[in-house]
Amino acid sequence: MTDKHTAMTTQPVSQLIFKLAGPSIMIMLVSSLYNMADTYFVSELGTSSTGAIGISYSLMAIIQAIGFFFGHGSGNYMARQLGAQKGEDANSMASLGLVSSICVGIVIAVLGNIFLSPLARALGATDTILPYAKDYLRFILIGAPWMAGAFTLNNQLRYQGSSFYGMIGIVSGAVLNIALDPLFIFTLNMGVQGAALATGISQMVSFILLFLGTRKGGNAHISLRSCKPSLFLYKEMLRGGLPSLCRQGLASIAAVVLNRLAGAYGDAAIAAIAIVQKVVMLAAAGLLGFGQGFQPVCGFNYGAGLYHRVKQAFWFCIKFTTIALCLIGAVGFATAPTIMSLFRVEDPSVMDIGIRYLRISCCTFPFLGFVIISNMMLQTIGMSTKASILAMARQGLFFLPFVYLLSYFWGLQGLLFSQPAADILSFILAFYWGTQTIRKMEHPQTNATLAAE
């Protein structure tokens, strides 16, 4: 741990971020690819089956939100403690975070299967999508405990600067998922159920490999003996994890609302939105992975009182991600028809809606860098209130009013514009809080001032 502390607080921040971001970007890209794999293969089964994947994604986002809450909540605290060279405290938090996420996953699995039909309806399933959605959700729910645990472990490893071990676990599961999808869906004729089963098995393999990764590289040691629940640790976990829970939780709520409103325009609208969301998630994966390379650098150096390094890392990430997102947005806009055709869409309505939605989404890509990096910085240094509000803004405070208002006045077109409109307002808020926080780091009383907020 001493060697890791020295590296994190002395090496050039740009080199550190690239080194740590590489595995994180790989993890996010591959995770997005194997999430997209279900949509890709199931699209051959028809529009309603594809819509079922979009409906079920909302539940997976909830499970992911649980894993991210415990992973970010424990990981933020662990990074600061490791920066202050307090290894035992990091061990206790790591163990409590993992055990807690698995327990919540078990509760979701039990309740979800008991109320399967009402759950599918609540997520936005139409009469024609409902049977396929239930088939998919059933297996996803069974795998909820280790899915939540895998997300928790991956984030804990990342906050400790051990993204490589996270990459091994996530990539291995992803490759297995992509291999199992056609086997279960077509060869064994399991249809939508096969896609869900492939996802569940791959997540279990990822969980096992990620847990083994915690035993290597000087990472915090996870054990039941170290798991000592306390009000203080849960308070710290809430402080660090609430922004992620807000962001991911509202993302699932936003997806449910979007699917339910899109249902008024038929299964084609739900299917098109499901495809575009997976494509956009792939594009955003690189941004999130890069930001995840920034977070341990931010946490270690903030914990060590090296605020000038936090500032350097922040502006480096802003510049890099904005340039990259401009290029990605331009390419996505120009090639939208080609991207949609990759999913072998035969329904012309799905193709038309998908192309329009993808192009509209690409227009606001350049704003997302400032939103994500600012949110990650505020979260990592413990400014939970501002981080939570900013996390809620993009897919909650701004998106939910827009999606209802714009769809009411302009129908489907307004529905498609709601997220980009929310992205612009989120950028304005992120710019204000992000630059304000960085300016405060230039003064000696920074730690007390920021902690008070």
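Residues numbered from 1 in each chain as written. Predicted model: local features only at pLDDT ≥ 70, side-chain atom pairs only at ≥ 80, totals over all residues. Heavy atoms only, no water.

(A) Just the overall build of the protein, in detail. Each helix and strand in the protein was counted, giving 18 helices and zero strands. Counting only C-alpha atoms, the protein reaches 60 × 45 × 35 Å along its principal axes. Looking at the protein residue by residue over its 453 residues, the buried ones come to 60%. Within the protein, contacts between residues separated by at least 24 positions form 82% of all contacts whose residues are at least 6 apart in sequence. (Helix = DSSP H or I, 4+ residues; strand = E, 2+ residues; numbered from the N terminus. Buried < 20%, exposed > 50% of the residue type's maximum accessible area, 1.4 Å probe, protein only. Contact = heavy atoms within 4.5 Å.)

(B) View of the packing of helix H3 (residues 47-83) against helix H4 (residues 87-114). Close contact between H3 and H4 brings their axes to 9 Å; oriented N to C, the two are set at 175°. Between H3 and H4, the interaxial angle falls into the category roughly antiparallel. Mapping the contact onto sequence places Ile66, Phe70, Ser74, Tyr77, Met78, Gln81 and Leu82 in H3 and Gly87, Asp89, Ala90, Met93, Ala94, Gly97, Ser100, Ser101, Val104 and Ile108 in H4. Of the residues that constitute the contact of H3 with H4, the class distribution is ten nonpolar, six polar and one charged. (Axes fitted to C-alpha atoms, helices over the stretch in contact; angles between N-to-C directions. Parallel < 35°, antiparallel > 145°, perpendicular 65-115°, else oblique. Nonpolar A, V, L, I, M, F, W, Y, C, P; charged D, E, K, R; others polar.)

(C) Geometry of empty space enclosed by the protein. By the definition in use, this model includes two cavities of 30 Å³ or more. Considered as a void within the structure, the largest cavity measures approximately 1100 Å³ in volume. If you go around the largest cavity, you meet 49 residues; those closest to its centre are Tyr57, Met281, Leu288, Arg394 and Gln395. Considering each element in turn, the lining of the largest cavity owes the most residues, nine residues, to helix H11 (residues 267-303). (1 Å grid on protein atoms, 1.4 Å probe; cavity = no way out; pocket = protein on both sides within 12 Å on 5 of 7 lines; lining within 4 Å. Points joined across faces, edges and corners; volume = space filled by probe spheres on them.)

(D) Structural context of the packing of H4 against helix H6 (residues 130-142). Direction vectors running N to C along H4 and H6 enclose 155°, while the axes themselves pass 8 Å from each other. In terms of orientation, H4 lies roughly antiparallel with respect to H6. H4 and H6 meet at a crossing whose hand is left-handed. For the pair H4 and H6, contact is made by Ile108, Ala109, Gly112 and Asn113 and by Arg138, Leu141 and Ile142, respectively. Its residues assigned to classes, the contact of H4 with H6 shows four nonpolar, two polar and one charged. (Left-handed = near helix turned anticlockwise from the far one by under 90°.)

(E) The layout of surface pockets, seen in detail. Taken as a whole, the largest pocket holds about 450 Å³ of empty space. Along the wall of the largest pocket there are 25 residues; nearest its centre are Leu29, Val279, Leu282, Ala283 and Ile328. Here the lining of the largest pocket gets seven residues from one element, more than from any other, and that element is H11. Each residue belonging to the lining of the largest pocket can be placed in one class, and the counts come to 22 nonpolar, three polar and no charged.

(F) Molecular detail of the state of the cysteines. Inspection of the entire model under this criterion finds zero disulfides. Unpaired in terms of disulfides, Cys103 finds its nearest cysteine sulfur in Cys227, a separation of 8.1 Å. For Cys326, which is in no disulfide, the shortest distance to another cysteine sulfur is to Cys363 and amounts to 12 Å. You can call Cys326 partly exposed: its relative accessible area is 39%. (Disulfide = S-S within 2.5 Å.)

(G) Geometry of the confidence of the model for the protein. With 96% of its residues at a pLDDT of at least 70, the protein reaches an overall mean of 88. Within the protein, no element has a lower average pLDDT than helix H18 (residues 446-452), which sits at 49, and none a higher one than H4, at 95. (pLDDT = per-residue confidence, 0-100.)

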